[in-house]
Amino acid sequence: MGSALTKMREQVVKALPKRRGYWARSWPLYVMFLPALIWLFLFCLYPFYGRIVAFQAYNPALGFSRSPWVGLDNFRYAFSLPSFPRLVRNTVVIALSKMLVLEFFAITASLLLNEIRLSLLKRTVQSLLYIPYFLSWVVMAGIILDILSPQGLVDQFLRLVAFKMPFLLGDSSWFVFTLVSTHVWKSLGWSMILYLAALTAIDPGLYEAAAIDGANRWRRILHVTLPGMSTTVILIACLNFGNILSAGFEQILNLYNPIVYDTGDILDTYIYRAGLISARFGLAGAIDLFKGVIGFALVLISRRLASRLTGRQVI
Amino acid sequence: MFGQHRISRRECLKLGAVAAWGLFAAACSPQVSEETAKPSGTTEEVASGSEAAPADTEGKTLTAEELLGPGSLPGSPEHPKGFRTVLPALPSGMPVSPSVVITAGRPACGATTFAEGEDIENNPFTRMVRDALGIEWKAAFTHSDPADAEAKFNLALASGTLPDVCTGMPTTVFEQALAADALEDVTDTWESAASERWLKEPADREGSTAWAFLRVNGRKYGMPVCQHLAENEAIMWIRQDWLDQLDLAVPQTLEEVRETALAFKGADLGQGAPGTTIGLLASNLFTTWFGSLDPVFGAFGVIPEFWLLYDDSLEYASTRPEMRDALSLLRDWYADGVIESDFFTLTQVDAAKYVSGNRCGLMLSEYYCARWGLPESLQNDPDAKWVYAEIPEGVAGRNKAWKNPWLETPVTFRKGFEHADKVIQQTNWLMELQSDPSRRWHGWEGPGWSYTIENDTYMKTTMLDHKWAYGHMVGASGCNMDPLQQYNIFAWQEENWSDLPEQEWDAYQRAYHTDPTGTEKLYRGASMFAVESSEKYALHNRFVAPPTPTMVERKADLLDLERETLFSIITGDKPLEEFDSFVETHEQMGGGRIAEEVNDWWATRM
């Protein structure tokens, strides 16, 4: 009896689909993940030990191991630079104004696009706004320099209406304005994508209900659309907060000149000049490490803020 | 039934992963084999070619001409109006047998071109040196600009793969390599191998200038390299046809320069859109090439960034009181529109466009623009008539920035390199070939090579000026060993050829007399004028040495401050009084300590 029962049980177990181990089931996922892991190790973690140049008088011929150690000298020199406070201030001012202005325009533009009913027009406008995003800053800077230079396009046009334009790239009081506006020109299309996606997620039933209740377009935007996309707005704002010390190296490098150092020289451009132009690797490493530590703290804060404000776990 | 045959999600993932790895492997492997296949093919060719040469030399001594054979001889004796290049006698012990292979890291700009099927390791120059001297040049890498050179030499240093010969090694890399004991001391080799006439005399002509960046503790760690004398020093270039139209004379003083510039601008004589003619050309660098302002500063007795001698001690000219006066004048000029409102954003290439586009008729630029800028200007406006003249005069007379013809980026040798003597001997031979004008060195005839002969006239092709294509040193500017080489050749040609009757002209002499491009005579004249003008008016930067310790640490930041202040004062962005606080800040930020170090060096210099 007993043996017959066991036999039956065995037969039943055989007939059931085989339960396999975790690894047997999941190895393809790990294999697919492996290249990314190797990339991460090779290009992010492995070079990390090079950060020690911040504490060395680094000489490439001697390498990391034989270059003399100088303790905190590089940091001391950096903080003693008369231009250092200016570098930090410019970085924060430029990054913050770019962020706020771009988000404002991106939200406005996506709201406007959302109201367009002709889908052909909507898609055309959207594509046109994307185009500048795909040009590199080197190309963009060439175009901008041509347009904004004295005797350039804008100046020739304004001369017709007898208006003397300031040289936007050569006047320190106008330079931030120039940076922000060209940044918006380049990135508007791209930053709209997330907002447009957020808009499509809003339940159309809400609009219908609002319309039945007598809300006009403006009211519907105010009471349905904006609250509907607020989570996305807050989320993006918080995530950007971590980038506050990155004010757009490529853009500024291609557009600035000594006259606008006063408002346009940022940490990254200084690091570039110190490290790659004048070969002071230790100094450049020290300032970059300083930037990295603050940036890391900001990322942690923004992560906290984002989950606190949106009630979701992000990252 | 169907369900069993459907590919499950997991199988799909597996397939995907396998495919991805396959692609990954495929992408890596064939490329490697292709790359390794190519160079090995060329080395075989080269090797078989070089083995043939010494075999012929067995028993009898062949001259360089016989070793080269008709295919690779410079000159064009076969042509009815051709000329013969007379090669110098071979150095003793050459051709080296078996030939030696030497690797080099050397400059090659993007514009460098080769004839069909040739490249940097296989061209008339490499074949000549291989067959006549038994030296095979391999390019370990090429670099296109100072930043590129710095990156590549640094990489080679860090990985311990420094090439045998390093051409154009930046000073920073030189210092680092020396600290790591990676460079060969060639003091004794130079002493025994370098030719007295062709190398030692020119290198020692200006005292220790040539060795300033190579000699450490009395030992030489490389070979100096120079440009033509005064090649980058400013002379005044002006449109004579514009002067004639406005009934003006060539300006002599700063005030006259101002008036002429405003007259050109006001009359709008240029070719661009209405209202786009500019006055005096200026660019984002004060002391170089197109649109230099150094003669304007010089008229006040100072040159930005120069160390000038005052009563037996050196002072930094950018912080001298005369600088304030110069800035005050330039500030007025800027406000009046004498110089363009965006001059500080113009690179050399941008500035050159004003010349080639004929929007500018007055500039203080180097003589070399007769070959770069002016030809384009003439092409766009055949009536353009450029003339050169003396730089303008001011309260301190006429002065301009002297440019050290000896490069700060010399030729160095890897530690342990055994053939430095061969490189120096090759240089002897090449210098004799090129510096002695009666040898008639004008390159190789052929499409894609140095020149072609059309209508019995020598027509230069692209390669002659692309000196780097030839090898590490072939006498053109920037890889020369005698700053006066070009001047001497031009002077010799003038003396020997000017009375030559037309029926005797060979192809080169026809080009010399008829000037088919329209700018070559201008180039010759301007280059000789610049050398003579340099002797009279060039203010020498007295500090010719590697940077002092404080300079290494602080000079870049001080220069940032200086450029920002000087430009801002000129544009009116900051008041003139800002100069006084700049002088103070400069002193505090390390300028004072640098001045002490520079004067210590001056007191004990060799």
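In this text the structure is predicted, and so the values were computed from the model without any measurement.

### Observations concerning the pattern of salt bridges
All names here are of chain B.
For step 1, the next point in the chain: Scanning the entire structure with this criterion turns up 40 salt bridges over all chains.
For step 2, the next point in the chain: Where Asp164 meets Arg414, a salt bridge forms, and the shortest distance between an N and an O atom there is 2.8 Å. Within this pair, whereas Asp164 is found in the loop between α5 (146-158) and β3 (165-167), its partner Arg414 is found in the loop between β12 (411-413) and α15 (420-435), the two being separated by 250 residues in sequence.
For step 3, the next point in the chain: Classification of Asp164 as buried rests on a relative accessible area of 10%.
For step 4, the next point in the chain: Classification of Arg414 by relative accessible area gives partly exposed; the value is 27%.
For step 5, the next point in the chain: Notably, a salt bridge pairs Asp188 with Arg219, separated by 3.5 Å at the nearest N-O pair. Of this pair, Asp188 sits in helix α7 (residues 187-193) while Arg219 sits in strand β5 (residues 219-220), placing them 31 residues apart in sequence.
For step 6, the next point in the chain: With a relative accessible area of 31%, Arg219 lands in the partly exposed category.

### Quick look at the sheet that holds strand β1 (residues 100-107) of chain B
All names here are of chain B.
For step 1, the next point in the chain: On the basis of which strands lie adjacent, the open sheet formed by 4 strands has the order β2-β1-β3-β12 and mixed pairing. In this open sheet, the two edge strands, each paired with only one partner strand, are β2 (135-143) and β12. Adjacent strand axes in the sheet meet at a mean angle of 25°, parallel and antiparallel pairs treated alike.
For step 2, the next point in the chain: The pairing of β1 with β3 spans 2 bridges and is parallel. Bridge pairing in β3 places Ala104 opposite Val165.
For step 3, the next point in the chain: In this fold α5 packs onto β1, β2 and β3, with an angle of close to 115° to the strand it touches most, β2.

### Topic: the packing of helix α17 (residues 485-497) of chain B against helix α19 (residues 520-537) of chain B
All names here are of chain B.
For step 1, the next point in the chain: Contact pair α17 / α19: the axes reach a minimum separation of 10 Å and the direction vectors enclose 120°. Accordingly, the angle class assigned to the pair α17 and α19 is oblique. You can see that α17 and α19 cross each other, and the crossing is left-handed. Contact with α17, carried on its side by Gln486, Tyr487, Phe490, Ala491, Gln493 and Glu494, involves Tyr523, Arg524, Ser527, Met528, Val531 and Glu532 of α19 and no other residues of that element.
For step 2, the next point in the chain: Grouping the amino acids of the contact of α17 with α19 by side-chain chemistry returns 6 nonpolar, 3 polar and 3 charged.

Calculation notes
Residues numbered from 1 in each chain as written. Chains lettered and ligands numbered in written order. Predicted model: local features only at pLDDT ≥ 70, side-chain atom pairs only at ≥ 80, totals over all residues. Heavy atoms only, no water. Salt bridge = Lys/Arg side-chain N within 4 Å of Asp/Glu carboxyl O. Helix = DSSP H or I, 4+ residues; strand = E, 2+ residues; numbered from the N terminus. Buried < 20%, exposed > 50% of the residue type's maximum accessible area, 1.4 Å probe, protein only. Pairing = 2+ DSSP bridges. Axes fitted to C-alpha atoms, helices over the stretch in contact; angles between N-to-C directions. Contact = heavy atoms within 4.5 Å. Parallel < 35°, antiparallel > 145°, perpendicular 65-115°, else oblique. Left-handed = near helix turned anticlockwise from the far one by under 90°. Nonpolar A, V, L, I, M, F, W, Y, C, P; charged D, E, K, R; others polar.

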